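Here are the chains, one letter per residue:
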Amino acid sequence: MNPVMLSTTLLPPTRTLLRLSLRPLSTASPRPSSSEPSWLSSVKRISETDVFPNEYPGQNYMFNWCLNADGVTPLKKRAFRITKPLDLKVAGLALPPSSPLRVDAAAERANVPEAGSDALPFDSFDDAAQRIKDSLSLADGLFCPEGHVPGKRVGVRIITDAEDLAPALVGYLERAPRRDPASQPITCFVYGGGEEFSGYAIEEVEETREDGSRVAVSVATVVVSGKSPKLERVVAGIELSVEGLEADAAERAEKKAAEEK
C-alpha cells in the first residue's frame, strides 16, 4: 500500500439539525375582532403552525450535510439518497435490471490506478477529484446509491449524475440497515461528462468514537469520469478499495499485537 497523506477532517461529527421557524414569533396575542367570540381567537392561536424549512424528495438537509462533508454541494437541490429500489422510483429512475446484480470487473482493474503509484501521482488525483466534485455540485440532479460491498460489511456511497448508472449500482450493492446519513468507508464520485479519468486513493484518518476516543481508520475515494462511465470500472475501483482497506486494517492489527507483547 502506498503511503497517503493524513487527514483528520474527512469524518465529520454527528450533526443535530434544528428545524427553525421562518416566521417571526410575537409574544403579543392577537386581539379578537368585535364580531367573533373571545374563545374563537384562542382556538386560532392554538391551531397555528410554524413554517419549517422546506424538505422534499431530493432535498434533505441532513443528507446534504453529508454530501457537503464529502466535498459535493447539491446546488440544484436535487440529491437523492438511494438505499433500496423504492428510492429509485422516488428519484424518477428505473429499477435495477436484476438484484443482486453480479458484475465482473476483472478486466477494468488495470484501468483504475491507485493514487501515489507511478501511473497516478497524488497531485493529478487530487486535481481530478476536485474538478469532478465541482462538476457534480453543478449537476441538475445527484443520485447516490448506498449499501454494502457484496459479501463484505463495508459501506459505500456513490455520488453520480448518471441516471442510467444509478439503478445498476443499486442492484450491485447489498442493502444495508437504514440509518441516518453518515460518512462511509468508501465514497465514489462518478461524473457523466468531462475528460476520461479513473483512479482511487486510500487515506488514513482519525475517527472520533462515541466515548470520545480517537482511533486511526482508513477510508477510500474512487473517482471516475467520462462521457459514459462504465459500471465495471466503478465496481473495479470499489473492489480495489476494499482490498486496500483490508490490508491497512491487517497492518494496524499486526502492529498493535506487536506493541502488546
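Residues numbered from 1 in each chain as written. Predicted model: local features only at pLDDT ≥ 70, side-chain atom pairs only at ≥ 80, totals over all residues. Heavy atoms only, no water.

1. Some thoughts on the sheet that holds strand β1 (residues 79-82)
In any sheet, the strands associate via hydrogen bonds between backbone groups, in a parallel or an antiparallel arrangement. Put simply, the test is: Two strands pair if DSSP finds at least two bridges between them. Only DSSP runs of H or I reaching four residues or more are called helices, and only runs of E reaching two or more are called strands; each is numbered from the N terminus. Only the stretch in contact is used when fitting a helix axis, every axis being a line fitted to C-alpha atoms; angles between N-to-C directions are given from 0 to 180 degrees. Two residues qualify as a contact provided that any one of their heavy atoms is within 4.5 Å of a heavy atom in the partner residue.
In space, the six strands of this open sheet follow the order β1-β2-β3-β4-β6-β5, with mixed pairing throughout. Looking at strand neighbours, the two that pair on one side only are β1 and β5 (197-208), the edges of this open sheet. Pairwise comparison of adjacent strand axes, ignoring direction, gives a mean angle of 15 degrees for this sheet. Here β1 pairs with strand β2 (residues 142-148) via four bridges, running parallel. Across the sheet, the residue bridging to Ile82 is Pro145, located in β2. Running at roughly 85 degrees to strand β3 (residues 155-160), helix α2 (residues 61-70) makes contact with β1, β2, β3 and β4 (186-191) of the sheet.

2. A look at the side chain of Arg233
Under the convention used in this document: A simple rule labels every residue: compare its accessible area, found with a 1.4 Å probe on the protein chains alone, to the largest value its type can have, and call it buried under 20%, exposed over 50%, or partly exposed in between. Distance and chemistry together define a polar contact, namely a pair of N or O atoms within 3.5 Å, with one atom able to donate a hydrogen and the other to accept it when in protein, and with adjacent residues in sequence counting only for side-chain atoms on both sides.
Mapped onto the secondary structure, Arg233 falls in helix α6 (residues 231-260). The class for Arg233 is buried, based on a relative accessible area of 14%. A polar contact of 2.8 Å, which involves the side chain of Arg233, links it to the side chain of Glu108. Apart from residues no more than four positions distant in its own chain, Arg233 is found in contact with Glu108, Asn111, Val112, Glu196, Ser198 and Val224.

3. Let's talk about the pairing of β2
The side chains of a regular strand alternate between the sheet's two faces. With seven of its seven residues buried, β2 lies for the most part within the structure. Neither face of β2 is left uncovered, since the one carrying Leu142, Cys144, Glu146 and His148 and the one carrying Phe143, Pro145 and Gly147 both have all their residues buried. Sheet analysis places β2 next to β3, joined by four bridges and oriented antiparallel. By the bridge assignment, His148 is partnered in β3 with Gly155. Between β2 and the antiparallel strand that follows it, β3, lie six residues; Gly151 among them carries a positive phi value of about 80 degrees.

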